[in-house]
Amino acid sequence: MATAALLLYHCSIFIWYFFLAYSLLTVSATEQPAGVFLYGGQWKYLTVLNVVLQTLFYAVTFLMDLLLPIREIKLVKYIIYCRDLLFAVLAFPTATFVFLSFWALYSYDRELVYPEGLDKVIPQWLNHAVHTAVFPIAVLEIVTSPHRYPPKRRGLSLLGICSISYLSWVIWIYIVDGNWVYPFLQLLSPTGFLLFLLSSHILTAAVYFLGETLNYLVWGKFLKRKR
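Residues numbered from 1 in each chain as written. Predicted model: local features only at pLDDT ≥ 70, side-chain atom pairs only at ≥ 80, totals over all residues. Heavy atoms only, no water.

Going by what an unreviewed UniProt entry lists, the chain is known as Androgen-dependent TFPI-regulating protein and is assigned to Eleutherodactylus coqui. You can read under Subcellular location (unreviewed entry) in the UniProt record for the chain the words "Endomembrane system". Looking at the Sequence similarities (unreviewed entry) heading of the UniProt record, one finds this comment for the chain: "Belongs to the AIG1 family." (UniProt positions renumbered as here; feature names shortened; annotations may be inferred.)

Put into structure tokens, the structure is as follows:
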């Protein structure tokens with residue numbers, strides 16, 4: 001993609017995610033929807049964290065596009081490194097995980113992940129914007145821009161730390177407030193919960209490898225020439 005077109009594209013996606021983040025964080029309701037509790041606010045939901053994350057990522061990406069003419073400067077190289085690391089470890093895996101896990105549970109029983117009461121607060125377009133469109137946008141980012149992935153051990157370690165941090169936040173909310181962020185968790189036995197944790201880590205690792213593989217298929221030869 002030509003530089004000017006890529007700049008415009010990343011600027012548009014940044015504005016889009018900024019708008020989504022604003023829309024989510026300013027949602028208001030005259031009464032609390034069934035299945036929703038107040039502790040932790042919007043920040044307990046991976047969907048909201050993902051939208052904020054994508055906003056940050058595309059802000060960095062847009063900045064990188066602006067600095068591209070001086071990419072040989074050390075500071076700019078560091079920003080490129082941060083952009084690529086952010087995409088590999090968080091932006092692509094989180095967007096894909098949100099898409100896959102949400103629609104898998106929603107298709108089985110929506111009350112397990114997205115209680116019907118939320119329809120009165122969150123319009124359908126916003127639901128699809130934050131749960132559906134995030135995946136094709138993440139794939140399109142791979143198609144339009146090359147990203148250097150870190151060594152597998154480092155990338156998976158960072159991804160694991162982030163995953164454990166969020167799961168710890170979910171468990172903390174349950175300990176303090178007595179409510180699970182996602183209703184399906186209350187149906188699990190201790191063994192089932194451990195199996196859920198294990199399967200979640202396996203899925204996130206698989207998603208990480210998916211992003212790395214797609215990036216290599218599209219940009220492998222280009223990245224080799226740039227070494």
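Back to the write-up after that little detour.
Attention now goes to the packing of helix α1 (residues 3-25) against helix α5 (residues 134-144). It is the contact of α1 with α5, at a shortest axis distance of 12 Å, that shows an interaxial angle of 160 degrees. Relative to α5, the element α1 is oriented roughly antiparallel. By crossing handedness, the relation of α1 to α5 is classed as left-handed. Between α1, through Leu-6, Tyr-9, His-10, Ile-13, Trp-16 and Tyr-17, and α5, the contact on the second element is made entirely by Val-134, Ile-137, Leu-140, Glu-141 and Thr-144. When grouped by side-chain class, the residues that make up the contact of α1 with α5 number eight nonpolar, two polar and one charged. (Axes fitted to C-alpha atoms, helices over the stretch in contact; angles between N-to-C directions. Helix = DSSP H or I, 4+ residues; strand = E, 2+ residues; numbered from the N terminus. Parallel < 35°, antiparallel > 145°, perpendicular 65-115°, else oblique. Left-handed = near helix turned anticlockwise from the far one by under 90°. Contact = heavy atoms within 4.5 Å. Nonpolar A, V, L, I, M, F, W, Y, C, P; charged D, E, K, R; others polar.)

Further remarks concern α1. The terminal C-alpha atoms of α1, which comprises 23 residues, lie 33 Å apart, in line with the 33 Å expected from a rise of 1.5 Å per residue. Considered for burial, the residues of α1 that qualify are Leu-6, Tyr-9, His-10, Ile-13, Tyr-17, Leu-20, Ala-21, Ser-23 and Leu-24. Here the buried face of α1 lies against α2 (46-67), α4 (124-131) and α5. (Expected span 1.5 Å × (residues − 1). Buried < 20%, exposed > 50% of the residue type's maximum accessible area, 1.4 Å probe, protein only.)

Averaged over all residues, the pLDDT of the chain is 90; the fraction at 70 or higher stands at 95%. When the elements of the chain are averaged for pLDDT, helix α7 (residues 190-225) gives the smallest value, 91, and α5 the largest, 96. (pLDDT = per-residue confidence, 0-100.)

As annotated in UniProt, the feature "transmembrane region" (unreviewed entry) corresponds to residues 7-25, 45-64, 85-105, 125-144, 156-175 and 195-218 in the numbering used here. From the first C-alpha to the last, residues 7-25 spans 27 Å; its make-up is 100% helix and 0% strand. The span residues 156-175 carries 100% helix and 0% strand; its end-to-end C-alpha distance comes to 28 Å.

Moving on to the packing of aromatic side chains. The full count for this structure, using the stated rule, is 22 aromatic pairs. On the basis of an interplanar angle of 50 degrees and a centroid distance of 6.3 Å, the ring pair of Tyr-106 and Tyr-114 is categorised as tilted. Here Tyr-208 and Phe-209 contribute two aromatic rings whose centre-to-centre distance is 6.0 Å and whose plane-to-plane angle is 80 degrees, an arrangement assigned as edge-to-face. What makes Phe-209 partly exposed here is its relative accessible area of 33%. (Phe/Tyr/Trp six-rings, centres within 6.5 Å; stacked < 30°, edge-to-face > 60°.)

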